[in-house]
Amino acid sequence: AVTSLITGCKCSGSEEGNNDYKPSITGDAGEVLIVLNKQLWESELGATLREVLGGEYPYLPQREAYFRLYNTSDKDFSGNFTIFRNIVKVNISPDYKESGISIKKDVWARPQCVVSIKGASAAQVMTHILENRELILNTIEQAERDRLISGYKKYEDPKVREAVTKNIGGSP
């Protein structure tokens, strides 16, 4: 039997009490770096990742993908790639006794979201992706929302906030 392990955390902001310096993220909003070798990227596993993360938003009048996807191999994953805003890292090894998904924030940069998927085979990883597609999508979408909110709060106009609160009862 396959043991599945899913761990998670909110994917933005910094952890309280953690003052370690980390560089700012790179990449534009809506971009995701997939760390997976070229052979697997071009296989059914890669097609599954492209379908889940690059699929189209429903109900829009024009075609628009959830995210813009970029691919790099594990051996090339260093330097500026490590500080990308959203990273999905796929690890496949027959040595893994447990398979699963882990979600971490601020691993190499701030505010960064890293989704790691590991398994003993490509088929096992693909199963985890399909079974947890909503978790993966929602995690990255929430990280993007949190970054936007954080940016807007820096430039918040207190007078506008007070007027909105007075007239319509506040904002989120």
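Residues numbered from 1 in each chain as written. Predicted model: local features only at pLDDT ≥ 70, side-chain atom pairs only at ≥ 80, totals over all residues. Heavy atoms only, no water.

Visitor: What is the right way to look at the pairing of strand 6 (residues 113–119) in this model?
Guide: Sheet faces and side chains relate simply in a regular strand, where the side chains alternate between the two faces. The buried fraction of strand 6 is high, at 6 of 7 residues. With 7 bridges connecting them, strand 4 (residues 86–92) and strand 6 associate as parallel partners. Each bridged residue has a counterpart across the sheet, and for Val88 the counterpart in strand 6 is Val115. Two elements, strand 5 (residues 99–105) and strand 6, share 6 bridges in a ladder whose sense is antiparallel. When the bridges of strand 6 are listed, Lys104 appears paired with Val114. (Buried < 20%, exposed > 50% of the residue type's maximum accessible area, 1.4 Å probe, protein only. Helix = DSSP H or I, 4+ residues; strand = E, 2+ residues; numbered from the N terminus. Pairing = 2+ DSSP bridges.)

Visitor: Which parts of the structure should I look at to understand the packing of helix 2 (residues 44–54) against helix 3 (residues 122–131)?
Guide: Describing two packed helices takes the angle between their axes plus the distance from one axis to the other. Remark: helix 2 packs on helix 3, axes separated minimally by 10 Å, with the N-to-C direction vectors making an angle of 10°. Classed by the angle they form, the pair helix 2 and helix 3 counts as roughly parallel. Packed against helix 2, whose contacting residues are Glu44, Leu45, Thr48, Leu49 and Val52, the element helix 3 presents Ala122, Val125, Met126, Ile129 and Leu130 at the interface. Grouping the amino acids of the contact of helix 2 with helix 3 by side-chain chemistry returns 8 nonpolar, 1 polar and 1 charged. (Axes fitted to C-alpha atoms, helices over the stretch in contact; angles between N-to-C directions. Parallel < 35°, antiparallel > 145°, perpendicular 65-115°, else oblique. Contact = heavy atoms within 4.5 Å. Nonpolar A, V, L, I, M, F, W, Y, C, P; charged D, E, K, R; others polar.)

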